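Each chain, letter by letter, is given below.
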Amino acid sequence: MPGLDICQRLLRRLISAGDPSAIPVAECAIDDYVEITEGSARESGLRLLQQDAWDQHAVMVGVQRSFAETVNAYIERKLGEELNAADDAAPVRLSHEPLLAAGPGETNP
């Protein structure tokens, strides 16, 4: 996944720098990754980015650690949006709609 590699490398550099003014750049990188990645790969890629941010968090201190936490929180929000989008895409059956159309002489449950 080339988009994932690019995003991951950028996030690692941003976390290492720990510059709070670069948070929008990190968010934009994550947003770009989400936009160019197909549905099923999107969630697994976000989880890999999140794990990498946590790995960076474990070895960082101070502003770098705080930056990694911010990246993780943003990825968590994106994952929540992905799950909500998947739930919204599921077909909804209204209670008054029959599951199957009844044939002649049959009734719906």
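Keep in mind it's a predicted model, so treat the numbers as computed, not measured. (Residues numbered from 1 in each chain as written. Predicted model: local features only at pLDDT ≥ 70, side-chain atom pairs only at ≥ 80, totals over all residues. Heavy atoms only, no water.)

**Focus on the overall build of the chain**
In step 1: Looking only at helices and strands, the chain has four helices and zero strands in total.
In step 2: Beginning at the N terminus, the succession of helices and strands in the chain can be written as α-α-α-α.
In step 3: A burial count over the chain gives 31% of its 109 residues as buried.
In step 4: Considering only contacts in the chain between residues 6 or more positions apart, those separated by 24 or more positions represent 66%. (Helix = DSSP H or I, 4+ residues; strand = E, 2+ residues; numbered from the N terminus. Buried < 20%, exposed > 50% of the residue type's maximum accessible area, 1.4 Å probe, protein only. Contact = heavy atoms within 4.5 Å.)

**As for the packing of helix H2 (residues 23-36) against helix H3 (residues 39-59)**
In step 1: Axis separation between H2 and H3 bottoms out at 9 Å; the angle between their running directions is 155°. Classified by the angle between their axes, H2 and H3 sit roughly antiparallel to one another. Our pair here, H2 against H3, has a crossing hand that is right-handed. Here H2 contributes Ile30, Tyr33 and Val34 to the contact with H3, which in turn contributes Ala41, Arg42, Gly45, Leu46 and Leu49.
In step 2: Looking at the contact of H2 with H3, its residues break down into six nonpolar, one polar and one charged. (Axes fitted to C-alpha atoms, helices over the stretch in contact; angles between N-to-C directions. Parallel < 35°, antiparallel > 145°, perpendicular 65-115°, else oblique. Left-handed = near helix turned anticlockwise from the far one by under 90°. Nonpolar A, V, L, I, M, F, W, Y, C, P; charged D, E, K, R; others polar.)

**A look at the nonpolar core**
In step 1: With 21 residues, the main nonpolar core has Ile30, Leu46, Leu49 and Val71 as its most contacted residues.
In step 2: Listed by contribution, the elements that provide at least two residues to this core are helix H1 (2-17), H2, H3 and helix H4 (62-89).
In step 3: Ranked by the residues each element gives to this core, the list is headed by H4, at six residues.
In step 4: Setting aside residues up to four positions removed in sequence, leucine 49 forms contacts with Leu4, Cys7, Gln8, Leu11, Tyr33 and Ile75. (Core = buried A, V, L, I, M, F, W, Y, C linked by side-chain atoms within 4.5 Å.)

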